[in-house]
Amino acid sequence: MRDPISTGTPDHRGAAGAATAAQGALGAGTAAQGALGPGSAAYGALGAGTAAQGSSDADDLARLGYRQELRRDLGSLSAFAAGFSYVSILTTVFQLFVIGYAFGGTRFFWTWPVVFLGQLAVALNLAEVGSHYPVAGSVYQWGRRVSPGAPGWLAGWLKLVGDVVSVAAAAIALQAILPSVWGGFQLLGGDPSLTSRDGAANAVLLGAGLVALTTAINMAGVRAMAWVNDVGVMAELGGVVLLIGALFLHAVRGPAVVLEPLYGPSPPLGTGAAGLLAAALMPAYVLYGFDSAGSLAEETQSPRRIIPRAILKAVVASGVGGALLLLAALMAAPSLTDGRLATEGLAYVVVSALGPTLGKVFLVDVALAVCVCTLAIQTGASRLAFSMARDGALPCAPALARVSPRTKTPVAPAIAVGALACGMLVVNYGEAQLFVLITETAVLLVNLSYLLVTAGMLLRRLRGWPGSSGAPAGVFSLGRAGLALNVAAVAWGVALIANIAWPRRDGESTWMEYFPVIGVAGTIAVGLAVFAATQRPSGERVAVSPPRESSASLIS
């Protein structure tokens, strides 16, 4: 694929040259910012002065190859909310606690900090590349710039497919919560269990209704989406803090519980390393998607500064909050050995420890978190689809790349992602176990897309990237720690993907054990076919030479 940094038409060169000249004229302010460092008050004042002199975000985007089409209204809170909502520890920890405890007992707690630290290494690298290339589409744009051609494009494709499936997976979580709050939410039949036919059918209905709502919010524009997301994230953060505090107050044992190897029923894979590796799937299924703040780069003010911070804040807040929530749940659970933690999970602890009334209040907050999580994932997926389509890198590119003149939002991608997610929901009605396997595959796809980016960064870094000339002022840089953190991120990505994909026998047929691997192989095969058909992008270009920029290293 042609890189928009270095390709374009002669008609655009004048505008691009003016933008480049403006950047050069601001070199003194840039150097001063780098010398003072991002932590100083004077740095912020200089940043404002620099913007006032004409170094606008639109000019910066033009230097990267695109003109400003989307409405740039988002600040730091909305950028953070995009990443935090995708992870949504209230949604995912409630959903997946049973996996960790069933395989690892109380010791599964220790898999959380291990996965958190590994994903933090990945997030640091994504924050750096996201600050260098603040363009809508996150993983796709980062991947194709560090690994031009098929590898970079494939990173975007894998993330897009993973996001579409994740929209459906998040939406279907309503079925595990709403009927417990009020029986009236069980609209079809009487059995709310997801494994029953009535529960599966009702899950499709509730999930499709939620996806229709999030699609409508996305179509309304980024302001409406950001408002809903910001309110939802504040409610989730408040709920997490209050829930952790309430569970600690109702603790029946001390924090040393995580040092005791206690189990409910006998773990399916035993009490050794195999069981802990399986238990590590729980935090792996939770701690991903933090890159989604980068998908909103073209709608975020000062994205070179805000996007990396949003990515890191999202993963750190999720990691610390999730660890405290797991610890509080283990301390407050009425019993650790009666088997209910391995079958009913966190909802059992909340209702038992806090009582039915207060427990249902927290479940309502969890339901709100599910809604905001679904919205955040769909928003990120739609911006990713828009970014790929703008480069002519997807089928139906002209329609998917069109921006509404009224809302300044790509409407068609939101509708397409919503429709595909609803189609995925129907799979749950026909075969709930197959839907679970598909969602496991989605986690694998997203982490593989991260690996393609971090591996591409490592190869570029070994050849001197980002170089002594660096990048524009305020760009997040790992400095001298970059190479070590990059190697750690790649090694961790390989280990994580191997653990998720590893076939584990638990009574399932062979094809189900290997389904994630089969799913990834199929997704890659289809993706390469799409790439072959769309590898000559036709999106709009602004031709400029790669800028010579100076980096403000945040890690010396």
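Residues numbered from 1 in each chain as written. Predicted model: local features only at pLDDT ≥ 70, side-chain atom pairs only at ≥ 80, totals over all residues. Heavy atoms only, no water.

Caption draft 1: View of the overall build of the chain. Scanning the chain for helices and strands turns up 23 helices and zero strands. Among the 556 residues that make up the chain, the fraction classed as buried is 57%. In the chain, 85% of the contacts between residues at least 6 apart in sequence involve partners at least 24 apart. As displayed, the chain has an accessible area near 20,400 Å², and 67% of this comes from carbon and sulfur atoms. (Helix = DSSP H or I, 4+ residues; strand = E, 2+ residues; numbered from the N terminus. Buried < 20%, exposed > 50% of the residue type's maximum accessible area, 1.4 Å probe, protein only. Contact = heavy atoms within 4.5 Å. Areas by Shrake-Rupley, 256 points an atom, 1.4 Å probe, with all protein chains shown as cover.)

Caption draft 2: How the structure looks around helix 11 (residues 197-220). The terminal C-alpha atoms of helix 11 lie 35 Å apart, and with 24 residues this matches the ideal 34 Å at 1.5 Å per residue to within 8%. Just downstream of helix 11 lies G221, where phi reads positive at about 120°. (Expected span 1.5 Å × (residues − 1).)

Caption draft 3: Seen up close, the environment of L90. Among the structural elements, L90 can be located in helix 6 (residues 89-104). Sequence spacing of L90 and L363 is 273 residues, and the spatial spacing of their C-alpha atoms is 9.4 Å. Filtering out sequence-adjacent residues up to four positions away, L90 remains in contact with E236, V240, L243, D365, V366 and A369.

Caption draft 4: The packing of helix 6 against helix 17 (residues 356-390), seen in detail. Axis separation between helix 6 and helix 17 bottoms out at 8 Å; the angle between their running directions is 110°. One element, helix 6, and the other, helix 17, form an angle in the roughly perpendicular class. When helix 6 is examined against helix 17, the residues L90, T91 and F94 are found in contact with a partner set consisting of L363, D365, V366, A369, V370 and C373. Looking at the contact of helix 6 with helix 17 residue by residue, the classes come out as seven nonpolar, one polar and one charged. (Axes fitted to C-alpha atoms, helices over the stretch in contact; angles between N-to-C directions. Parallel < 35°, antiparallel > 145°, perpendicular 65-115°, else oblique. Nonpolar A, V, L, I, M, F, W, Y, C, P; charged D, E, K, R; others polar.)

Caption draft 5: Local environment of the packing of aromatic side chains. Scanning the entire structure with this criterion turns up nine aromatic pairs. Centre to centre, the rings of W153 and F531 are 5.5 Å apart; their planes meet at 50°, and the pair counts as tilted. Of this pair, W153 sits in helix 9 (residues 150-171) while F531 sits in helix 23 (residues 515-534), placing them 378 residues apart in sequence. For the pair W153 and F531, one class covers both residues: buried. An aromatic cluster of at least three residues, connected via ring pairs, comprises F97, Y101 and F108. One residue, R390, lies across the ring of Y66, its end atom 3.9 Å from the ring centre. (Phe/Tyr/Trp six-rings, centres within 6.5 Å; stacked < 30°, edge-to-face > 60°. Lys NZ or Arg CZ within 6 Å of the ring centre and 35° of its normal.)

Caption draft 6: Structural view of a nonpolar patch on the surface. A cluster of nonpolar side chains, contributed by F248, V316, V320 and L324, occupies part of the molecular surface with about 290 Å² of accessible area. For the nonpolar patch, the leading source of residues is helix 15 (residues 303-332), giving three residues. The residue L324 is located in helix 15 in this model. (Patch = residues over 30% accessible without salt bridge, like charges linked within 9 Å, V, L, I, M, F, W, Y side chains within 5 Å. Salt bridge = Lys/Arg side-chain N within 4 Å of Asp/Glu carboxyl O.)

Caption draft 7: Structural view of the environment of T374. You can see T374 is positioned in helix 17. Sequence spacing of T374 and A169 is 205 residues, and the spatial spacing of their C-alpha atoms is 8.6 Å. If we ignore the near neighbours within four places in the chain, the residues touching T374 are V167, A170, A171, L210, V211 and T214.

Caption draft 8: Spotlight on the pattern of salt bridges. By the definition in use, this model includes twelve salt bridges. One salt bridge connects D60 with R304, and the closest N-O pair in it is separated by 2.6 Å. With a gap of 244 residues between them, D60 in helix 4 (residues 57-63) and R304 in helix 15 connect regions that are remote in the sequence. Exposure class is identical for D60 and R304. Each is buried. The salt bridge involving D391 is made with R144; its shortest N-O contact spans 3.3 Å. With a gap of 247 residues between them, D391 in the loop between helix 17 and helix 18 (397-400) and R144 in helix 8 (residues 139-146) connect regions that are remote in the sequence. Judged by relative accessible area, R144 falls into the buried class, the value being 3%. Taken together, the shared-partner salt bridges connect D60, R63 and R304 into one network.

Caption draft 9: Highlighting helix 9. If you check helix 9, its first and last C-alpha atoms are 32 Å apart, about what 22 residues at 1.5 Å a residue would give, namely 32 Å. For helix 9, the tally of buried residues reaches 19 of 22 residues, placing the bulk of the element in the interior.

Caption draft 10: Spotlight on the state of the cysteines. This model, assessed by the stated rule, comprises zero disulfides. Take C371: it sits in no disulfide, and the sulfur closest to it among the cysteines is that of C373, at 9.8 Å. (Disulfide = S-S within 2.5 Å.)

Caption draft 11: Broad picture of the confidence of the model for the chain. Taken residue by residue, the chain gives an average pLDDT of 84. The fraction at 70 or more is 83%. Taken together, the stretch residues 1-54 has pLDDT below 50 and engages in 72 contacts with residues farther than four places along the chain or on a different chain. Overall, residues 537-556 carries pLDDT values under 50, and its contacts beyond four positions in sequence, including any with other chains, amount to 79 contacts. (pLDDT = per-residue confidence, 0-100.)

Caption draft 12: A look at the side chain of Q141. Within the secondary structure, Q141 is located in helix 8. When its relative accessible area of 0% is taken as the criterion, Q141 is described as buried. A distance of 3.2 Å separates the side chain of Q141 from the side chain of Y66, its partner in a polar contact. Leave out the neighbours within four places in its chain, and Q141 touches Y66, V135, A136, S387, R390 and D391. (Polar contact = N/O pair within 3.5 Å; in protein donor to acceptor, adjacent residues only side chain to side chain.)

Caption draft 13: Just unusual backbone geometry, in detail. In this structure, the amide linkage connecting W465 to the following residue, P466, adopts the cis form with an omega of 0°. In this fold, P466 is placed in the loop between helix 20 (432-462) and helix 21 (482-501). Residue S302 is not a glycine yet carries a positive backbone phi of 50°. Along the chain, S302 turns up in the loop between helix 14 (281-286) and helix 15. Backbone geometry places K408, a non-glycine residue, at a positive phi of 55°. Note on placement: K408 falls in the loop between helix 18 and helix 19 (411-430).

Caption draft 14: Representation of the environment of P413. With respect to the helices and strands, P413 occurs in helix 19. Separated by 27 residues in sequence, P413 and F386 have C-alpha atoms that sit 6.2 Å apart. Ignoring any residue separated from it by four or fewer positions in sequence, one finds P413 in contact with S382, A385, F386 and L400.

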